[in-house]
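Descriptive analysis of the structure
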Amino acid sequence: MKKTGIIGALFSLAVVVLLAGVISYVGTIRDSRESVELEANANTEPNTEVSINNTKPVYETVEEKDENVSEPKKDVEKIEEKKTVPEEKEVFLESEDYAPVSSVVTNDPSFEYPVIGEIVMDYSIDSAIFDVTLEQYRTNDSISISVAKGEDVLSSAEGTVSNIYTDIENGTTVVIDHENGWQTTYSQLDKNTAVSKGDTVLGGQKIGTVSSPSTYSVALGDHIDFAVAKNGETVDPKTVLVD
């Protein structure tokens, strides 16, 4: 009986020790599991902060890039403003204190003297002047230029020969039509002219030679009579001739 009791007591003690070990082992496993969970949670929170923090700079970077992209637009606007500066200056130049230079181009020809010589009878259409040949006062719609017989007479400007005729008052006469209604007339020429009616002539081209004066102007000596008209109205040749 004593051996059986001792064995039973030892068995009970072994069971108790075994249970205590199991309980201790279970507690250790629980503590380890809780420790792992705490560490996992701890690792998760920083990651969350990092993710949030990483998201914010990305958003800010995008905004900064957008702002940077708009900068060239401002530069373009500044360049466009600079381009408009000349227009503003032009508006200023058109103010009341500015007198613009006319850029109108006319078709009027440039007339040159047909011969070189002294004017021995002047143009005078508004008042009578003395005619030494006729010994009387009269108006004169041309100028008489002294030049030796046989000298060349040149076209005063480019044009077309519209008429050639001869009479006792003016001798042989050549008429040339020019642009914009202008016309020139050359009298006291030799009958053998260098041009014919309908010919196109250049300025400075020979059209004939000086002849002896007619009986109506013999007192002036050798000369030519030169007249200029605009749209059928005579004008003073000296006002359009280039020296």
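Let me sum up the structure you'll find in this document. Note that the structure is a prediction, hence the values are computed from the model and not measured. (Residues numbered from 1 in each chain as written. Predicted model: local features only at pLDDT ≥ 70, side-chain atom pairs only at ≥ 80, totals over all residues. Heavy atoms only, no water.)

1. Observations concerning the overall build of the protein
How we decide: Where helices and strands are cited, they refer to DSSP runs of H or I of at least four residues and of E of at least two residues respectively, numbered from the N terminus. Burial classes follow relative accessibility: with a 1.4 Å probe on protein chains only, a residue under 20% of its type's maximum area counts as buried, one over 50% as exposed, and anything between as partly exposed. Contact criterion: two residues are considered in contact whenever any of their non-hydrogen atoms come within 4.5 Å of each other. Accessible areas in this description were obtained via Shrake-Rupley with a 1.4 Å probe; residue shielding takes into account the shown protein chains only.
A tally of helices and strands in the protein yields two helices and 14 strands. Put simply, the protein has 243 residues, and 23% of those count as buried. A fraction of 62% describes how many contacts in the protein between residues 6 or more apart in sequence connect residues 24 or more apart. Carbon and sulfur atoms provide 55% of the accessible area of the protein, an area that totals close to 17,300 Å².

2. Some thoughts on a nonpolar patch on the surface
Operational definition: Distance thresholds for patches are 9 Å for like charges and 5 Å for nonpolar side chains (Val, Leu, Ile, Met, Phe, Trp, Tyr), applied to residues having over 30% relative accessible area and no salt bridge. Put simply, a salt bridge is a Lys or Arg side-chain nitrogen that is within 4 Å of an Asp or Glu carboxyl oxygen.
Together, Phe11, Val15, Leu19 and Ile23 line one region of the surface with nonpolar side chains, adding up to about 410 Å² of accessible area. Here Phe11 lies in helix H1 (residues 2–83). By relative accessible area, Phe11 is classed as exposed at 58%.

3. Digging into unusual backbone geometry
In terms of backbone geometry, most residues other than glycine have negative phi values and most peptide bonds are trans. A positive phi angle is found at Glu135, which is not glycine, with a value near 55°. Summarising the element assignment, Glu135 is placed in the loop between strand S3 (124–131) and strand S4 (136–140). Residue Glu135 is classed as exposed on the basis of its relative accessible area of 63%. Phi angles above zero are rare outside glycine, and Asn180 is one such case at about 60°. Topologically, Asn180 is positioned in the loop between strand S8 (171–177) and strand S9 (182–189).

4. Quick word on the packing of aromatic side chains
Selection criterion: Any pair of Phe, Tyr and Trp rings, taking the six-membered ring for Trp, is counted once the centres come within 6.5 Å. Such a pair is stacked with planes under 30 degrees apart, edge-to-face with planes over 60 apart, and tilted for the rest.
The final tally for this structure, using the stated rule, is three aromatic pairs. Here the aromatic rings of Tyr186 and Phe226 are separated by 5.3 Å at their centres, their planes lie at 50°, and the arrangement is tilted. Remark: Phe226 occurs in strand S12 (residues 223–230) and Tyr186 occurs in strand S9; sequence separation between them is 40 residues. Like Phe226, Tyr186 is buried.

5. A closer look at the pairing of S9
Where a strand is regular, its side chains alternate between the two sheet faces. Rule in force here: Criterion used throughout: strands pair if DSSP finds at least two bridges between them.
Of all eight residues making up S9, seven are buried, and the element is well covered by its neighbours. Summarising the sheet, S8 and S9 pair through five bridges and their orientation is antiparallel. Residue pairing in the sheet places Thr172 in a bridge with Leu189 of S9. Two strands pair when backbone bridges link them, and S9 and S12 are joined in this way by six bridges, in the antiparallel orientation. By the bridge assignment, Tyr186 is partnered in S12 with Phe226.

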